[in-house]
Amino acid sequence: MAFTLRSPAFAGDDRIPHRFARDGANLSPPLEWSDPPEGTRSYALIVEDPDAPRGMFRHWAVFDIPTDKRRLDEGQGARGTELRQGANDFGNPGYDGPQPPEGHGTHHYHFRLAALDTDHLDVAPRERAEAVWAAAEPHILAESEIVGTFER
């Protein structure tokens, strides 16, 4: 079996429900994964919008997710949870959902989960999401992705 990431809240390439948008309830969607590769010691997650007007925009980064975890529950990306989270491009630690400019068309939100060969990334508290992912990249054993869309 292949390393797989999915969400019970939306299918791949489907619209992300409004409750997960920044101007909705701003809850992180539930995510589940299966079949990590042998040697996985932790996971890292990043959510990116490549359709943002100024280029890649990062909405969430989570790291040092233990190997015994196989899901993130709805709303678990809130600030103050037990997750180790980087600062998103809004400048906040934790999750901030889709908020594309009105009339800008459909945006694609890439939820990327990496299985890592280390149990800890040497990342400072509140480090930017981009830096979290850069620290994870040399340790990636496998990666899985689900893409959701949103338009206002």
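The following refers to the structure shown. (Residues numbered from 1 in each chain as written. Predicted model: local features only at pLDDT ≥ 70, side-chain atom pairs only at ≥ 80, totals over all residues. Heavy atoms only, no water.)

### Re the side chain of His-107
And then number 1: Summarising the element assignment, His-107 is placed in strand β7 (residues 107-116).
And then number 2: At 2.6 Å, the side chain of His-107 and the side chain of Asp-49 are in polar contact.
And then number 3: Reaching out from His-107, the side chain makes a polar contact with the side chain of His-104 at a distance of 2.7 Å.
And then number 4: Contact partners of His-107, with chain neighbours within four places excluded, come to Asp-49, Asp-51, Ala-52, Pro-53, Pro-100, Pro-101, Gly-148, Thr-149 and Phe-150. (Helix = DSSP H or I, 4+ residues; strand = E, 2+ residues; numbered from the N terminus. Polar contact = N/O pair within 3.5 Å; in protein donor to acceptor, adjacent residues only side chain to side chain. Contact = heavy atoms within 4.5 Å.)

### Topic: the environment of Ala-78
And then number 1: Relative to the helices and strands, Ala-78 is located in the loop between β5 (71-72) and β6 (84-85).
And then number 2: On the accessibility criterion, Ala-78 (34% relative accessible area) is partly exposed.
And then number 3: Between the alpha carbons of Ala-78 and Pro-93 there is a distance of 8.4 Å; along the sequence they are 15 residues apart. (Buried < 20%, exposed > 50% of the residue type's maximum accessible area, 1.4 Å probe, protein only.)

### As for the nonpolar core
And then number 1: Residues Trp-33, Trp-60 and Phe-111 are the most contacted members of the largest nonpolar core, which totals 24 residues.
And then number 2: Considering each element in turn, this core owes the most residues, four residues, to β7.
And then number 3: The next biggest cluster of nonpolar side chains, apart from the first, holds twelve residues, and it includes Ile-46, Val-123, Val-132 and Ala-136. (Core = buried A, V, L, I, M, F, W, Y, C linked by side-chain atoms within 4.5 Å.)

### Some words on the environment of Glu-145
And then number 1: Residue placement: Glu-145 occurs in strand β8 (residues 140-150).
And then number 2: A residue is classified by how much of its surface remains accessible, and Glu-145, at 41% relative accessible area, is partly exposed.
And then number 3: Along the chain, Glu-145 and Leu-45 lie 100 residues apart, while their C-alpha atoms are 9.5 Å from each other.
And then number 4: Once residues within four sequence positions are removed from consideration, Glu-145 is found in contact with Leu-5, His-110, Phe-111 and Arg-112.
And then number 5: Among the polar contacts listed, one links the side chain of Glu-145 to the side chain of His-110, at a separation of 3.0 Å.

### What about the packing of aromatic side chains?
And then number 1: Counted according to the given criterion, the structure contains five aromatic pairs.
And then number 2: Summarising the aromatic geometry, the rings of Phe-57 and Phe-90 are spaced 4.8 Å apart at their centres and angled 70° between planes, so their arrangement reads as edge-to-face. Note that Phe-57 is positioned in strand β4 (residues 57-66) and Phe-90 in the loop between β6 and β7, a separation of 33 residues in sequence.
And then number 3: For Phe-57, a relative accessible area of 21% puts it in the partly exposed group.
And then number 4: The exposure class of Phe-90 is partly exposed, given its relative accessible area of 28%.
And then number 5: These aromatic residues form a ring-pair network of at least three members: Phe-3, Trp-33 and Tyr-43. (Phe/Tyr/Trp six-rings, centres within 6.5 Å; stacked < 30°, edge-to-face > 60°.)

### Let's talk about the side chain of Asp-64
And then number 1: Considering the arrangement of structural elements, one finds Asp-64 in strand β4.
And then number 2: Side-chain polar atoms of Asp-64 contact the backbone nitrogen of Leu-121, separated by 2.8 Å.
And then number 3: Residues in contact with Asp-64, not counting those within four places in the same chain, are Ser-42, Tyr-43, Arg-84, Asp-119, His-120 and Leu-121.

### As for empty space enclosed by the protein
And then number 1: Applying the stated criterion to the full structure yields one cavity of 30 Å³ or more.
And then number 2: Here the largest cavity defines a volume of roughly 30 Å³.
And then number 3: Every residue along the wall of the largest cavity is listed here: Ile-16, Val-47, His-59, Tyr-95, Asp-96, Gly-97, Pro-98, Tyr-109 and Phe-111.
And then number 4: In terms of residue class, the lining of the largest cavity is built from six nonpolar, two polar and one charged. (1 Å grid on protein atoms, 1.4 Å probe; cavity = no way out; pocket = protein on both sides within 12 Å on 5 of 7 lines; lining within 4 Å. Points joined across faces, edges and corners; volume = space filled by probe spheres on them. Nonpolar A, V, L, I, M, F, W, Y, C, P; charged D, E, K, R; others polar.)

### Let's talk about the sheet that holds β4
And then number 1: Read across the sheet, five strands follow the order β6-β4-β3-β7-β8 without closing on themselves; strand pairing throughout is antiparallel. In the strand order of this sheet, the two ends are held by β6 and β8, each with one partner.
And then number 2: As judged from the seven bridges shared by strand β3 (residues 42-49) and β4, these two strands associate in the antiparallel manner. Residue pairing for β4: Val-47 is matched across the bridge by Trp-60. (Pairing = 2+ DSSP bridges.)

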